[in-house]
Amino acid sequence: MYKILSSISEPHDVKRMNFNELNSLSKEIRSFLIEKVSKTGGHLASNLGVVEITLSLFKSFDLERDKIVWDVGHQSYIHKILTGRMNEFDTLRQYGGLSGFPKSCESKYDAFETGHSSTSISAAVGMARARDILNKNNHVIAVIGDGALTGGMAFEALNDVGYNKTNLIVVLNDNQMSISNNVGGLSTYLSKMRLDPGYNKLKEDINSTLKQSSMGKNIASSISKIKDSIKQLVVPSMLFEDMGFKYLGPIDGHNLKDLTDVFSMAKRIKGPVIIHTVTQKGKGYNFAEKNPNKYHGIGPFNTNNGEVCVSSTISENYSKAFGKAINKLAKEDDKIVAITAAMPDGTGLKDFSLNFPKRFFDVGIAEQHATTLAAGMAKEGLKPVFAVYSTFLQRAFDQILHDICIQNLPVIFAIDRAGIVGEDGETHQGIFDLSYLSLMPNMTILAPKTTEEVYPMIKWAFDSKSPCAIRYPRGGCDTSLNLESKKEFNYGQWETIEDGKDICIIATGKMVEHGKLACDKLKEKGINIKLVNACFIKPIDKNLIKDLVDNNYKIITIEDNILHGGLGSLILEYINELNSNIKIINMGYNDEFIPHGKVNTLYKVYNLDVDSIIDNVMSLM
């Protein structure tokens, strides 16, 4: 079925192919991607859009020497297929299997491990300068999307490399969402002309001759000004040119011949080059072309109708619950505003953006800006909510601490995908937010145990008039447990769900479900223990903890977070102040990064499943 694709075992196999073979290979790759991702889930649309770019890079460069840095990295599937990992794609994003992002432990061709946006140019510049210092002679290529250019780090890197004239090639993959898609003969002609060795030689000779006299210098200066004025009118390049880059494009990102020609020419240019390619996200699969956002990151789906395979007893998810809650509250209060960093759909803000367009702000992939934007709004009396995935909020650590907490500004962080998210792996697991937020003065941290608690929790956060972080997991809650949702919250007060003797489980957020399941199973054995919902992570409920200590309870804490600096650490610190020697077991993630895999698999591997909780209870007994 994949005759050409099956013949590829290393990058040089691609270099030897002619363009007819490469065009046939591109079709096979798309079929292969659709087949495999439909079974494992993954990032489909973005990979379908970079098939020709990847093939042209492999055709033009020598990956035994040259380095490709993929921004974010979720569009590196073709790169993986062409570097000897085709036969592992059945394990994509599964525990112990192939990662959905570049991993140097998988292949020497994965030059740099990426997972967050806007980082590729900085990494590539570092690698290029290391090359120069070590007197090596290889090319470094950064591939970055137009959406990633909204990240400030990308512009910091562009500014640096353009000023210092480091030899670097940046491939801008523009899927026509952010940057002008002015693809035409004039732009292509100008790009080819400016690249042509004869043209550049002629230009240098003319400039050299003219600059030998004062009159010639004036003529050269006038010609340069006229040229720049014309370029401003006809070429959408001056932003990059003014930053010190040679701009090439726009180029059809699905034309293998044009791409390969431009890449080959770019190799001969001294200094930084930016190649602007225009692609179609989801190209080659009708459903992904029509709805690229849906197929950006998707679970297993039916290839015939494009529908996602769903088999779950989970209720509505937390993202939707948040969206409903913020919509309801915004109808009652016109000072409420919502902010997202390029994820209105993923964070549940789509309806808010439609219902309150003047109070909705999508700032692009710019979490630092989003955070300080919220601070400015709060300073002037608005009530901002920044909805963001846990892993991406890490990028705004300084802004939360310095711009919000120091001034004690009432900004709410709706932290989605907190805890383990599963198949995206190390770069996306949201297991650090409790630790880095808990150390910040003035910050309050909460976690709902059910989707129904999202609304009253956000309402409480608005009334608190101080910085608040509300963290919740990916997906929904298990309605079969019949956990009663709290309607009101009081500052720092926890909830006792099950009463019992001798041993107390203190759980927060998603882990309350695990605690409840463990209690139910223990009841079947005639063992009744106490279960407490730590709905506030900061502050902890010192009165309840002191009562447990006074009554000689042994304590198990459970959190979907790294142990250092998390809920268990805060409880231990306070118990230490009480000079108590009661037995405590903290359950969470140790000092390590958690790989990709299904959520329930990872819970079991890292001893956060129900059986592990029961084992700890039995050990304490």
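Residues numbered from 1 in each chain as written. Predicted model: local features only at pLDDT ≥ 70, side-chain atom pairs only at ≥ 80, totals over all residues. Heavy atoms only, no water.

- Per an unreviewed UniProt entry, the recorded name for the protein is 1-deoxy-D-xylulose-5-phosphate synthase, and the organism is Clostridium fallax.
- According to its UniProt record, the protein has this under Sequence similarities (unreviewed entry): "Belongs to the transketolase family. DXPS subfamily."
- Entered under Function (unreviewed entry) in the UniProt record, the comment concerning the protein runs "Catalyzes the acyloin condensation reaction between C atoms 2 and 3 of pyruvate and glyceraldehyde 3-phosphate to yield 1-deoxy-D-xylulose-5-phosphate (DXP)." (UniProt positions renumbered as here; feature names shortened; annotations may be inferred.)

**Structural notes on the pairing of strand S10 (residues 412-416)**
Stage number 1. The element S10 is largely enclosed, with a buried count of five among its five residues.
Stage number 2. On S10, burial covers both faces: Ile412, Ala414 and Asp416 on one face and Phe413 and Ile415 on the other are all buried.
Stage number 3. Note that strand S9 (residues 383-389) and S10 share five bridges and pair parallel. In the sheet register, Ala387 faces S10, and the bridge partner there is Ala414.
Stage number 4. For S10 and strand S12 (residues 468-471), the ladder comprises four bridges, and the chain directions are parallel. Bridge pairing in S12 places Phe413 opposite Ala469. (Buried < 20%, exposed > 50% of the residue type's maximum accessible area, 1.4 Å probe, protein only. Helix = DSSP H or I, 4+ residues; strand = E, 2+ residues; numbered from the N terminus. Pairing = 2+ DSSP bridges.)

**Considering the side chain of Glu495**
Stage number 1. Within the secondary structure, Glu495 is located in strand S14 (residues 495-498).
Stage number 2. A distance of 2.9 Å separates polar atoms of two side chains, one belonging to Glu495 and the other to Lys449.
Stage number 3. Those residues in contact with Glu495, other than ones at most four positions away along the chain, are Lys449, Glu453, Glu484, Lys486, Leu531, Val532 and Asn533. (Polar contact = N/O pair within 3.5 Å; in protein donor to acceptor, adjacent residues only side chain to side chain. Contact = heavy atoms within 4.5 Å.)

**Re the UniProt feature "binding site: thiamine diphosphate" (unreviewed entry) in the protein**
Stage number 1. According to UniProt, the feature "binding site: thiamine diphosphate" (unreviewed entry) maps to His74, Gly115, His116, Ser117, Gly147, Ala148, Asn175, Tyr285 and Glu367 in the numbering used here.
Stage number 2. Mapped onto the elements, Gly115 comes out in the loop between helix H6 (77-85) and helix H7 (120-133).
Stage number 3. What makes Gly115 buried here is its relative accessible area of 6%.
Stage number 4. Once you skip the residues sitting within four places of it in the chain, Gly115 turns out to touch Val72, Phe101, Thr427 and His428.

**Focus on the sheet that holds strand S3 (residues 168-174)**
For sheets, the rule is that strands pair by backbone hydrogen bonds, running either parallel or antiparallel.
Stage number 1. Here we have five strands laid out as an open sheet, ordered S1-S2-S3-S5-S4, and parallel in their pairing. On the outer flanks of this sheet lie strand S1 (67-70) and strand S4 (246-252), each paired with one strand and no other. Pairs of neighbouring strands in the sheet enclose a mean axial angle of 20 degrees, with direction left out of account.
Stage number 2. Pairing between S1 and strand S2 (residues 140-145): four bridges, direction parallel. Paired with Trp70 across the strands is Val143, a residue of S2.
Stage number 3. Running over the sheet, H7 touches S1, S2 and S3 and is turned about 175 degrees from S2. (Axes fitted to C-alpha atoms, helices over the stretch in contact; angles between N-to-C directions.)

**Notes on the packing of H7 against helix H8 (residues 152-164)**
Stage number 1. Orientation of H7 relative to H8, taken along the N-to-C sense of each, is 30 degrees, at an axis distance of 8 Å. The angle between H7 and H8 places the two elements in the roughly parallel class. Together, Ile121, Ser122, Val125 and Arg129 of H7 and Met153, Ala154, Ala157, Leu158, Asp160, Val161 and Asn164 of H8 make up the contact between the two elements.
Stage number 2. Across the contact of H7 with H8, the residue classes tally to seven nonpolar, two polar and two charged. (Parallel < 35°, antiparallel > 145°, perpendicular 65-115°, else oblique. Nonpolar A, V, L, I, M, F, W, Y, C, P; charged D, E, K, R; others polar.)

**As for the sheet that holds strand S11 (residues 444-446)**
Stage number 1. Judged by pairing direction, the sheet is mixed, and its seven strands sit side by side in the order S8-S7-S9-S10-S12-S11-S17 without closing on themselves. Of all strands in the sheet, those with a lone pairing partner are strand S8 (360-362) and strand S17 (536-538), marking the two edges. This sheet shows a mean twist of 20 degrees between the axes of neighbouring strands, independent of strand direction.
Stage number 2. Alignment of S11 against S17, held across two bridges, turns out to be antiparallel. In the strand pairing of S17, Ile445 is matched with Lys538.

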